[in-house]
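Residue strings, one per chain:
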Amino acid sequence: MPLLFPKRIKYRKAFRGKRRGAAKGGTRLAFGQFGLKVLENGWLTAAQLESCRVAISRSLSRGGKAWLRVFPDKPVTVHGQEKPMGAGKGLVDHWVAVVKRGRVLFEIDGIPELAARETFRLAACKLPLRTRMVTRKDDSTT
């Protein structure tokens, strides 16, 4: 089962960057009736996103549609255990999506609110960050 990662990239290795501030975009619902919004800053690995996606799609087996709103496009490198310091940057180990607070991660539509709440509860258990379910009516007031 292939995990998410970009087909091609401009640079093979990236700086770590800062994990602070609020999301500039992707904070409102765009496709579905319900969304899972992240409340903290951090990195989500491709494996974590994939396990969430699988949990959501299994829960939606009776109907409904899901959207993944983030993509892991940042390479994370690791150095070998026995490598000496100063031997250059390590090899790309895995890919992460940088998420900032307020960002909508997943959206679903076509199911009742109670089922959506349960679906997002199952998905949130697979994430290392705190999340909250948002609805279309919540979104219109803010």
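Up top is the structure these notes are about.
Residues numbered from 1 in each chain as written. Predicted model: local features only at pLDDT ≥ 70, side-chain atom pairs only at ≥ 80, totals over all residues. Heavy atoms only, no water.

### Considerations on helix H1 (residues 46-59)
Now for step 1: Given a rise of 1.5 Å per residue, 14 residues ought to cover 20 Å, and the 20 Å separating the end C-alpha atoms of H1 matches this to within 8%.
Now for step 2: Restricting attention to buried positions, one finds in H1 the residues Ala46, Leu49, Glu50, Cys52, Ala55, Ile56 and Ser59.
Now for step 3: Looking at the buried side of H1, the elements it contacts are strand S2 (42-45), strand S3 (65-68), strand S5 (91-99), strand S6 (104-109) and helix H2 (113-124). (Helix = DSSP H or I, 4+ residues; strand = E, 2+ residues; numbered from the N terminus. Expected span 1.5 Å × (residues − 1). Buried < 20%, exposed > 50% of the residue type's maximum accessible area, 1.4 Å probe, protein only. Contact = heavy atoms within 4.5 Å.)

### Considerations on the sheet that holds strand S4 (residues 74-78)
Now for step 1: Taken in spatial order, the 3 strands of this open sheet run S2-S5-S4, and their pairing is antiparallel. Either end of the sheet is taken by a strand with one partner, and the two such strands are S2 and S4. The average angle at which neighbouring strand axes cross in this sheet is 50°, direction not considered. (Pairing = 2+ DSSP bridges. Axes fitted to C-alpha atoms, helices over the stretch in contact; angles between N-to-C directions.)

### Topic: the layout of surface pockets
Now for step 1: Empty space within the largest pocket amounts to approximately 220 Å³.
Now for step 2: Forming the boundary of the largest pocket are 13 residues, of which Val70, Val98, Val99, Lys100 and Arg103 lie nearest the centre.
Now for step 3: Considering only residue class, the lining of the largest pocket consists of 7 nonpolar, 1 polar and 5 charged. (1 Å grid on protein atoms, 1.4 Å probe; cavity = no way out; pocket = protein on both sides within 12 Å on 5 of 7 lines; lining within 4 Å. Points joined across faces, edges and corners; volume = space filled by probe spheres on them. Nonpolar A, V, L, I, M, F, W, Y, C, P; charged D, E, K, R; others polar.)

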